[in-house]
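# Results of the structural survey
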Amino acid sequence: SRRKTVAIHVFRNGDVEVRAPRKAPESMIRAFVSDKRDWIVRKQAEWQQLPSPHRLIYREGAEHYFLGERHRLTFSKATNDVAEPVIPLRLRQDSPEAVERALERWYRREAEKLFSERHGFWRQELADWDLPGSTIALRKMKSRWGSCSRRGLITLNTHLVRYLLECIDAVIVHELCHLLEFNHSRRFYSLMDQAYPGWQSMDELLKNLSLQY
């Protein structure tokens, strides 16, 4: 690709992907992979030791995560007397595809309310920092929890709402810190330490939970 350096990615299924500049000689790429062999094997072993991901099933009674807790899908309107946490869905048909679409809509509605509230909360907590203006947008993303543009648009992964509130807060604070430092420099991490002490443990928890949710 149009990149400047060579990078190696080891995926959960053990596959290894090498990303290199377009003009990089194959001999150089092979030498790079050979040099990283021990690291690759170690990462493959780490993946194998992790718990299996939560299998998503789209039918009534199936369990899905919301704010770090398992919730049972229910298609009934009467949920007030239910002791266990549930995700109530409104459906015209109960095919797996219809249930999945309804669940995605439910997650998005909940995420819009929660992310907006937490964004406002943390802007208030950091009021002394005189942060530039920012707004929240939602998008379903495969490999990122959030991003921040130079115009102050903070985009959050809709599926982040599945995770613990502390993890959500860590991501939001991370993006707010980018309003002052648009990189991952030493100053950026110093801002994170001030704004959200212990953010590293939340990052690690989010990484580990993402393999199960």
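Whatever comes next refers back to the structure up there.
Described in the following lines is the structure provided in the data block. (Residues numbered from 1 in each chain as written. Predicted model: local features only at pLDDT ≥ 70, side-chain atom pairs only at ≥ 80, totals over all residues. Heavy atoms only, no water.)

### A look at the nonpolar core
We apply this condition: Among buried residues, the Ala, Val, Leu, Ile, Met, Phe, Trp, Tyr and Cys ones that are joined through side-chain atoms within 4.5 Å form a nonpolar core. Exposure is judged per residue with a 1.4 Å probe applied to protein chains only, and the accessible area is read against the type maximum: over 50% gives exposed, under 20% gives buried, and values in between give partly exposed. Put simply, DSSP H or I for four residues or longer makes a helix, DSSP E for two residues or longer makes a strand, and each gets a number counted from the N terminus. Two residues form a contact once any of their heavy atoms are found within 4.5 Å.
Ranked by size, the top nonpolar core spans 42 residues in total, and within it Leu89, Phe115 and Leu176 carry the most contacts. At nine residues, the largest contribution of residues to this core is made by helix 3 (residues 96–125). Apart from the residues lying within four places of it in its own chain, the contact partners of Leu89 are Leu73, Thr74, Phe75, Val99, Ala102, Leu103 and Trp106.

### A short note on the sheet that holds strand 6 (residues 135–139)
Here is the rule we go by: A pair of strands is treated as paired once DSSP finds two or more bridges between them. Inter-axis angles, ranging from 0 to 180 degrees, are taken between N-to-C directions of lines fitted to C-alpha atoms, where helices are fitted over the stretch in contact.
Spatial ordering of the open sheet is given by 6-8-7, a layout of three strands whose pairing is mixed. Each edge of the open sheet carries a strand with a single partner, namely strand 6 and strand 7 (146–148). In this sheet, neighbouring strand axes are inclined to one another by 20 degrees on average, regardless of whether the strands run parallel or antiparallel. Inspection of the sheet shows strand 6 paired to strand 8 (residues 153–157) by five bridges, in the parallel sense. In the strand pairing of strand 8, Arg139 is matched with Asn157. Packed onto the sheet, helix 3 meets strand 6 and strand 8 and runs at close to 155 degrees relative to strand 6. Packed on one face of the sheet, helix 4 (residues 165–177) meets strand 7 and strand 8 and runs near 155 degrees to strand 8.

### Section: the pairing of strand 2 (residues 16–19)
Sheet topology note: the strand 1 (residues 7–10)/strand 2 ladder contains four bridges and is antiparallel. Across the sheet, residue His9 finds its bridge partner in strand 2, namely Glu17. The hairpin formed by strand 1 and strand 2 contains five residues between the paired strands, and Gly14 there has a positive phi angle of roughly 95 degrees.

### Side note on the environment of Ala7
Following the sequence through the fold, Ala7 ends up in strand 1. Measuring from C-alpha to C-alpha, the distance between Ala7 and Phe32 comes to 9.0 Å, with 25 residues separating the pair along the chain. If we skip the residues at most four places from it in the chain, Ala7 touches Glu17, Val18 and Arg19.

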